[in-house]
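One-letter residues, chain by chain:
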Amino acid sequence: MYTQSLNTAVQRDGAEEDPQKLAAFQAKIDREEKIEPNDWMPAAYRKTLIRQISQHAHSEIVGMLPEGNWITRAPSLKRKAALLAKVQDEGGHGLYLYSAAETLGISREEMVEQLHTGKAKYSSIFNYPTLNWADVGAVGWLVDGAAIMNQIPLCRCSYGPYARAMIRICKEESFHQRQGYELLLTMMKGSEDQRQMVQDAVNRLWWPALMMFGPSDKDSVNTADSMRWKIKRFTNDELRQKFVDATVPQAEVLGITLPDPDLRFDEESGHYVYGEPNWEEFYNSIKGNGICNKQRLKDRVKAHTDGAWVREAALAYARKERERREAGKQAAE
Amino acid sequence: MANDLFTYTMRLADDAAILSQRLAGWCGHASHLEEDIALTNIALDQIGCARLLYAYAGEIEGKGRDEDALCFNRNEREFTNLLLLEQPNDDFAYAIVRQFFYSAYVLLFWQALKSSKDERLAGIAAKAEKEAAYHLRHSAEWVVRLGDGTEESRSRIEEAIEFLWMYTGEMFEMDEVATALAEQGIAVDAAAIKPAWNKSINEVFARADLSVPTGTWMQTGGRNGEHSEHLGHVLAPMQYLQRAYPGLVW
């Protein structure tokens, strides 16, 4: 579902890059040409991208869990099909993104291992629980909505495979966002119980959605490299502002109250002014102290561990088939 | 006759709904991403099929019950799905064998139902047949991989085959409802497709050197609403919101 601005700064390795190659690389980026897997690239660019793309892929996969929590309880067959298809799309996004990262020289197994050992991060939003059916709509509207703000600029990312994956992913995400909003609209037109569920879901997910854009620019780790390399094109606060500006009028149409007493429209700037997210909660969620962090990782590790015998069987069978084919060929010769 | 047709259509709808609910339990939890996506595809096909069948059953009944009223507001004893399909996802081998036994049957079933004199059922069968052919190919490939994979996968799939075998007989039962409709050229003579099903099972099992169980005692009851203990647990989460907040639009 989506990438988060965390840890994008990469520790520089001691080795100096060849200045001529570096200049040609930067010139290519400045001409808005794509960098492809076989092109020369500085080690730090590669490392930054591997970190960001794998983090993004992990977020898609872990993101299947909070929504998956409602699949067996969806209240109509139509909603069940839509939710299943959405969660499946996220699995598909994870696949494209792992493949995009693999073009940079890391294997899916290594990335999965990094996720399972806690070495790699994923978006903090998925460490929040989905507690009522309206959460499914609110995740679509707010979480996919925030993801789209982050991801639209990534469609122009300098690294070709990532940019191309993002184009496809963004199309699906905007469909998810509209679907989530429509789910909430339907509930708002329903009973008082349903309206309360929507308000409750938005109360819980609004701030975590704002935190998806990462720390405030003033506290953000150095993103100069990512900006110069055109991996990142807007700062965290710029993207957050765009999201707030787009979302507040949608909340008004929906008829819910966003849980921020400081939220107001500023005539002078033409933007909404909003309060300060609880960054302590954010950093804690990133560190593993969110209410669902341990549960999410445990579920991922369990699926992987429980499925080990299946993957091993598939590999063993493929090996036997190959041997049989080769034996057949030799016998024919 | 309308009553028989309703009963018959509901059986097929319940089969699809209960299997989709079981398969949906894998989403996000399968052994690897590719298989997660594949199992979800099969679940989505089953939901699509359930929706068409419930909607048609509701029209036949003519009491204003729509697909959701029929799926979410009936009790365990009113559900008439096959016992095989409510069996739990004990592990991937159970899920694959359940799918394989059912897909091998239902592909033949839809092929026959395509010539039903009831045009709506024939139309649904034509769509479902294409999907079932894919489900059968997918599950059969896994039967072979697990049977001829590692020692562990072989022992797991042997266990699942042995356990689920006793639920396969029910697929070929013909009761009064099915027989009356078959005589009118509407329903499928399920007993008649059994030899082709046996052949399909034998061929796939032979590829992995798996034995077909010899047990002949078969469980029955699903078509009359007499289920295993599992069905209640399938329905409880599925129907929770509709039961807790009746009569709402979601």
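Shown above is the structure to which this text applies.
Source: prediction; values computed, not measured. (Residues numbered from 1 in each chain as written. Chains lettered and ligands numbered in written order. Predicted model: local features only at pLDDT ≥ 70, side-chain atom pairs only at ≥ 80, totals over all residues. Heavy atoms only, no water.)

Caption draft 1: Representation of the overall build of chain B in the model. The number of helices and strands found in chain B is 10 helices and 0 strands. Ordered by position from N to C terminus, the α and β elements of chain B give α-α-α-α-α-α-α-α-α-α. Taken over C-alpha atoms, the radius of gyration comes to 18 Å for chain B, in line with the 18 Å a tight globule of 250 residues would show. With the C-alpha coordinates of chain B rotated into their principal frame, the extents come out at 55 × 40 × 30 Å. Here chain B holds 250 residues, and the buried ones make up 59% of them. (Helix = DSSP H or I, 4+ residues; strand = E, 2+ residues; numbered from the N terminus. Rg over C-alpha atoms; globule rule 2.2 N^0.38 Å. Buried < 20%, exposed > 50% of the residue type's maximum accessible area, 1.4 Å probe, protein only.)

Caption draft 2: Representation of the environment of Arg-11 of chain B in the model. Residue and element names in this part refer to chain B. Structurally, Arg-11 is set in helix α1 (residues 2-24). Residue Arg-11 is classed as buried on the basis of its relative accessible area of 6%. Considering only alpha carbons, one finds Arg-11 and Leu-53, 42 residues apart in sequence, at a separation of 9.2 Å. If sequence neighbours within four positions are ignored, Arg-11 has contacts with Thr-80, Asn-81, Asp-175, Val-177, Ala-178 and Arg-223. A polar atom in the side chain of Arg-11 sits 2.6 Å from the side chain of Asp-175. (Contact = heavy atoms within 4.5 Å. Polar contact = N/O pair within 3.5 Å; in protein donor to acceptor, adjacent residues only side chain to side chain.)

Caption draft 3: Summary view of the packing of aromatic side chains. Tallied over the entire structure, the rule returns 27 aromatic pairs over all chains. Their ring planes at 85 degrees and their centres at 5.6 Å tell us that Tyr-45 of chain A and Trp-229 of chain A sit as a pair that is edge-to-face. Here the residue Tyr-45 of chain A occupies a position in helix α2 (residues 43-62), and Trp-229 of chain A occupies one in the loop between α9 (224-228) and α10 (236-254), the gap between them amounting to 184 residues. The two residues Tyr-45 of chain A and Trp-229 of chain A agree in class, both being buried. With a centroid separation of 5.8 Å and 65 degrees between ring planes, the pair formed by Phe-101 of chain B and Trp-165 of chain B is classed as edge-to-face. Residue Phe-101 of chain B is located in helix α5 (residues 92-113), and its partner Trp-165 of chain B is located in the loop between α7 (151-164) and α8 (176-183); the two are separated by 64 residues in the primary sequence. Pair check on accessibility: Phe-101 of chain B and Trp-165 of chain B agree, each one buried. Here the aromatic residues Phe-100, Phe-101, Tyr-102, Tyr-105, Phe-109, Trp-110, Trp-165, Phe-172, Trp-197 and Phe-205 of chain B are joined through ring pairs into a cluster of three or more. In this structure, Arg-74 of chain B is placed above the aromatic ring of Phe-79 of chain B, and the distance from its NZ or CZ to the ring centre is 4.3 Å. One Lys or Arg, Lys-194 of chain B, reaches over the ring of Phe-172 of chain B and ends 5.6 Å from the middle of that ring. (Phe/Tyr/Trp six-rings, centres within 6.5 Å; stacked < 30°, edge-to-face > 60°. Lys NZ or Arg CZ within 6 Å of the ring centre and 35° of its normal.)

Caption draft 4: Local environment of the pattern of salt bridges. Residues and elements named next belong to chain A. Evaluated as defined, the whole model comprises 34 salt bridges over all chains. A salt bridge links Asp-225 to Arg-228, with the nearest nitrogen and oxygen atoms 2.5 Å apart. Of this pair, Asp-225 and Arg-228 both sit in helix α9, separated by 3 residues, roughly a single helical turn. By relative accessible area, which is 40% here, Arg-228 ends up partly exposed. Each of Glu-67, Lys-86, Glu-90 and Asp-144 takes part in one network of salt bridges that share partners. (Salt bridge = Lys/Arg side-chain N within 4 Å of Asp/Glu carboxyl O.)

Caption draft 5: Up close: the interface of chain A and chain B. At the junction of the two partners, chain A supplies 45 residues and chain B supplies 46 residues. Summing both partners gives a buried area of about 4,000 Å² for chain A against chain B, and 70% of it is carried by carbon and sulfur. For chain A, the biggest contributors to the area lost against chain B are Leu-77, Gln-88 and Trp-309 of chain A; these three give 21% of the whole. Counting every contact that joins chain A to chain B gives 3 salt bridges. The shortest N-O distance in the salt bridge between Asp-148 of chain B and Arg-324 of chain A comes to 2.8 Å. Put simply, chain A and chain B have 15 residue pairs in polar contact (both at pLDDT 80 or more) between them. Elements with a contribution of two residues or more to the side of chain A that touches chain B: α3 (64-68), α4 (77-102), α7 (160-188), α8 (192-211), α12 (293-306) and α13 (308-332) of chain A. Here the side of chain A that touches chain B gets 14 residues from one element, more than from any other, and that element is α4 of chain A. Considered class by class, the residues forming the side of chain A that touches chain B number 24 nonpolar, 10 polar and 11 charged. (Buried area = accessible area lost by both parts, 1.4 Å probe. Nonpolar A, V, L, I, M, F, W, Y, C, P; charged D, E, K, R; others polar.)

Caption draft 6: Seen up close, the nonpolar core. By size, the foremost hydrophobic cluster in this structure holds 181 residues, and its most contacted members are Tyr-8, Phe-101 and Trp-110 of chain B. Setting aside residues up to four positions removed in sequence, Trp-110 of chain B forms contacts with Leu-12, Cys-49, Leu-53, Ala-125, Ala-128, Glu-129 and Ala-132 of chain B. (Core = buried A, V, L, I, M, F, W, Y, C linked by side-chain atoms within 4.5 Å.)

Caption draft 7: Region of the structure containing unusual backbone geometry. Despite not being glycine, Glu-32 of chain A has its phi angle at roughly 65 degrees, a positive value. Within the chain, Asp-209 of chain B stands out as a residue other than glycine whose phi angle is a positive 55 degrees. Among the structural elements, Asp-209 of chain B can be located in the loop between α9 (194-207) and α10 (230-244). Taking relative accessible area as the criterion, Asp-209 of chain B reaches 61% and is therefore assigned exposed.

Caption draft 8: Molecular detail of the state of the cysteines. Per the stated rule, a full pass over the model turns up 0 disulfides over all chains. Unpaired in this structure, Cys-27 of chain B has its nearest cysteine sulfur neighbour in Cys-292 of chain A, at a distance of 17 Å. (Disulfide = S-S within 2.5 Å.)

Caption draft 9: Fine view of helix α6 (residues 134-151) of chain A. When the terminal C-alpha atoms of α6 of chain A are compared, their 24 Å separation across 18 residues agrees well with the 26 Å that a helix rising 1.5 Å per residue should span. Of all 18 residues in α6 of chain A, 17 are buried; the element is thus mostly enclosed. (Expected span 1.5 Å × (residues − 1).)

Caption draft 10: A look at the packing of α5 of chain B against α7 of chain B. Residues and elements named next belong to chain B. Contact pair α5 / α7: the axes reach a minimum separation of 9 Å and the direction vectors enclose 50 degrees. The angle between α5 and α7 places the two elements in the oblique class. In the packing of α5 onto α7, the handedness of the crossing is right-handed. The segment α5 lies against α7, with Ala-93, Tyr-94, Val-97, Arg-98 and Phe-101 engaging Arg-156, Ile-157, Glu-159, Ala-160, Ile-161, Phe-163 and Leu-164. (Axes fitted to C-alpha atoms, helices over the stretch in contact; angles between N-to-C directions. Parallel < 35°, antiparallel > 145°, perpendicular 65-115°, else oblique. Left-handed = near helix turned anticlockwise from the far one by under 90°.)

Caption draft 11: The arrangement of the environment of Leu-83 of chain B in detail. Residues and elements named next belong to chain B. Secondary-structure assignment places Leu-83 in helix α4 (residues 83-86). Along the sequence, Leu-83 and Asp-15 sit 68 residues apart, while their C-alpha atoms lie 9.0 Å from each other. In contact with Leu-83, not counting residues within four places along its chain, are Tyr-167, Glu-170, Gln-219, Thr-220, Gly-221, Gly-222, Glu-226, His-227 and Ser-228.

Caption draft 12: How the structure looks around the side chain of Thr-130 of chain A. All names here are of chain A. For Thr-130, the location among the structural elements is in the loop between α5 (108-116) and α6. Note on Thr-130: relative accessible area 7%, which makes it buried. Excluding residues within four positions of it along the chain, Thr-130 makes contact with Pro-66, Glu-67, Asn-69, Trp-70, Asp-135 and Val-139.

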